[in-house]
Amino acid sequence: MTSIATAGTRPAPSIDSAGRRRAGWLAGVGIVLIAFNLRLGISSAAALLEALRGALGFGSVTASLLPTLPTLCFAGAGLTASPLARRFGTERAVLVALFALAAGLGVRAVPATWALLTGTVLGMSGLAVGNVLLPALLRAHYPHRVSMLTGVYTTVMALGATLAAAVAVPVADGLDSPSFGLAVFALPAVLALLVWSLVRAPHALTPKQGGTTYVSPWTMARTRFGRLVTAYFALQALNCYALVGWLPTLLSDQGMSRGGAGAMLAITQGAGIPATFGLLAFVRATGRLRPAFVLVSASMLIGFTGLLLAPVALPVLWAATVGVGFCSFPLVLSVIGGSGSGAAETTALSTLAQSLGYAVAATGPFALGLMHGATGGWTVPMAALVVTAVGQLLVGLVLSANRGAAGAAEPGPRPTA
């Protein structure tokens, strides 16, 4: 069917072309809303940990388990993302993930320890699937803008985490309940669920990863590149979640108010927002990964050392420096999102790195809590994080020098060291 254009007017776009553009915009909005939700439930729980402990009366084991559950869920439930995408298609798999997230965060409104733990497991399992599939969504919908849009969605994710850390305590105080304060953060998940339910991407944009297009994550594990990406992801996730889970408590134990400790967590989450754009822009412009990896890993190491030696002397400086170190997450995600010959290989690498990486990272918050409980202080736990930060720096140096990716061909020129 052809259209007739009158003089001085442009031909009307075809229905298929207009539909594809609408689907692309709607998917973009949906991706941004998903990203906004990816850290809300984690940061809010960290900021309210002491208040929840006082209100619900749980002990040190549960207090150590709560910040560990997200990484355990990311490790276990993350393995289901690739089979879900293969069976139902990426969009429907994400819809299931958002439903689990909204339901889990809503369950945490019940003022009971069982509800807190059950809701956290359900919600974080939804986050796990979203975490794994987001790089593949970007690759499928926007194959030529992966690095830029990785910066956008990780920045939105950081904004969500910053907002949750900053307002969780005031909201809970206003509602006179830390449990109700946690449940408030289910509302953005419901909004994302509603928007994503409208996404009907054309088959050509995001095909189901079935048949010959499916790539096993374990295939990527046999490549040197896959192992390096997984090792780096594991170390940065361990460092990030261990600190996010315990920073407010660490500072409170040093005499800082709950509100002030929550504000430091907000600074940590927010400091990486401008740094993320700067780092990814630098990598796009120069094709050089090594300076970016060195900067984020060294920042993590400096911040941890400051928190070890003088936590309340310059808390804003240490929080901001660690926040720049948290940019290791979008940096390694940009590597994952730009690797592979298509969305199936990207999903496989993302599943491998995030599932195994989070399994390792799960030891961080729990071990930190146990070390704190055993020693009665924060010197030993923070010294342990300094060691893992050194490990992250070393692995980053090797990864950024790696030229090959056996089994994962990245489109276009690969970044150089």
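As the structure is a computational prediction, the values presented were derived from the model and not from experiment. (Residues numbered from 1 in each chain as written. Predicted model: local features only at pLDDT ≥ 70, side-chain atom pairs only at ≥ 80, totals over all residues. Heavy atoms only, no water.)

Regarding the overall build of the protein
In terms of regular secondary structure, the protein is built from 20 helices and zero strands. Taken across its 417 residues, the protein has 57% of its residues classed as buried. Put simply, of all contacts in the protein between residues at least 6 apart along the chain, 83% involve residues at least 24 apart. Surface exposure of the protein reaches about 16,200 Å², of which carbon and sulfur atoms provide 70%. (Helix = DSSP H or I, 4+ residues; strand = E, 2+ residues; numbered from the N terminus. Buried < 20%, exposed > 50% of the residue type's maximum accessible area, 1.4 Å probe, protein only. Contact = heavy atoms within 4.5 Å. Areas by Shrake-Rupley, 256 points an atom, 1.4 Å probe, with all protein chains shown as cover.)

Some points on empty space enclosed by the protein
One pass over the structure, following the stated rule, counts four cavities of 30 Å³ or more. What the largest cavity holds in volume is close to 270 Å³. What lines the largest cavity is a set of 23 residues, and nearest its centre among them are Met157, Cys240, Gln269, Phe326 and Phe329. Contributions of two or more residues to the lining of the largest cavity are made by helix H2 (40-47), helix H9 (146-175), helix H13 (224-253), helix H14 (258-286) and helix H17 (328-337). Across the lining of the largest cavity, the residue classes tally to 14 nonpolar, eight polar and one charged. Volume-wise, the second largest cavity comes out at about 110 Å³. Along the walls of the second largest cavity sit 14 residues, with Ile42, Ala45, Leu66, Pro67 and Pro70 positioned nearest its centre. (1 Å grid on protein atoms, 1.4 Å probe; cavity = no way out; pocket = protein on both sides within 12 Å on 5 of 7 lines; lining within 4 Å. Points joined across faces, edges and corners; volume = space filled by probe spheres on them. Nonpolar A, V, L, I, M, F, W, Y, C, P; charged D, E, K, R; others polar.)

Regarding the packing of H13 against helix H20 (residues 379-401)
Taken N-terminus to C-terminus, the directions of H13 and H20 make an angle of 150°; their axes are 9 Å apart at the nearest point. Our classification of the angle between H13 and H20 gives roughly antiparallel. Crossing handedness for the pair H13 and H20: left-handed. For the contact of H13 with H20, a count of residues per class yields 16 nonpolar, six polar and one charged. (Axes fitted to C-alpha atoms, helices over the stretch in contact; angles between N-to-C directions. Parallel < 35°, antiparallel > 145°, perpendicular 65-115°, else oblique. Left-handed = near helix turned anticlockwise from the far one by under 90°.)

Some remarks on the confidence of the model for the protein
Mean pLDDT over the protein: 79, with 84% of residues reaching 70 or higher. Segment residues 1-15: pLDDT under 50, and four contacts once partners within four positions in sequence are set aside and those in other chains are kept. Residue range residues 403-417 is modelled with pLDDT below 50. Its contacts to residues more than four positions away, or to other chains, number 39 contacts. (pLDDT = per-residue confidence, 0-100.)

A closer look at H17
Of all the ten residues making up H17, ten are buried; the element is thus mostly covered by neighbouring parts of the structure. All of the buried residues in H17 are Ser328, Phe329, Pro330, Leu331, Val332, Leu333, Ser334, Val335, Ile336 and Gly337.

Observations regarding H13
Helix length check: H13, at 30 residues, gives a terminal C-alpha distance of 43 Å against a target of 44 Å (1.5 Å per residue), a fit within 8%. Of all the bends found along H13, the most pronounced is centred on Trp246 and spans about 50°, while Pro248, a proline, follows it within four residues. Judged by how many residues are buried, H13 sits mostly within the fold: 25 of 30 residues are covered. One or two steps after H13, the chain reaches Gly255, where phi turns positive at roughly 105°. (Expected span 1.5 Å × (residues − 1). Bend = angle between axes of the 7 residues up to and from the residue.)

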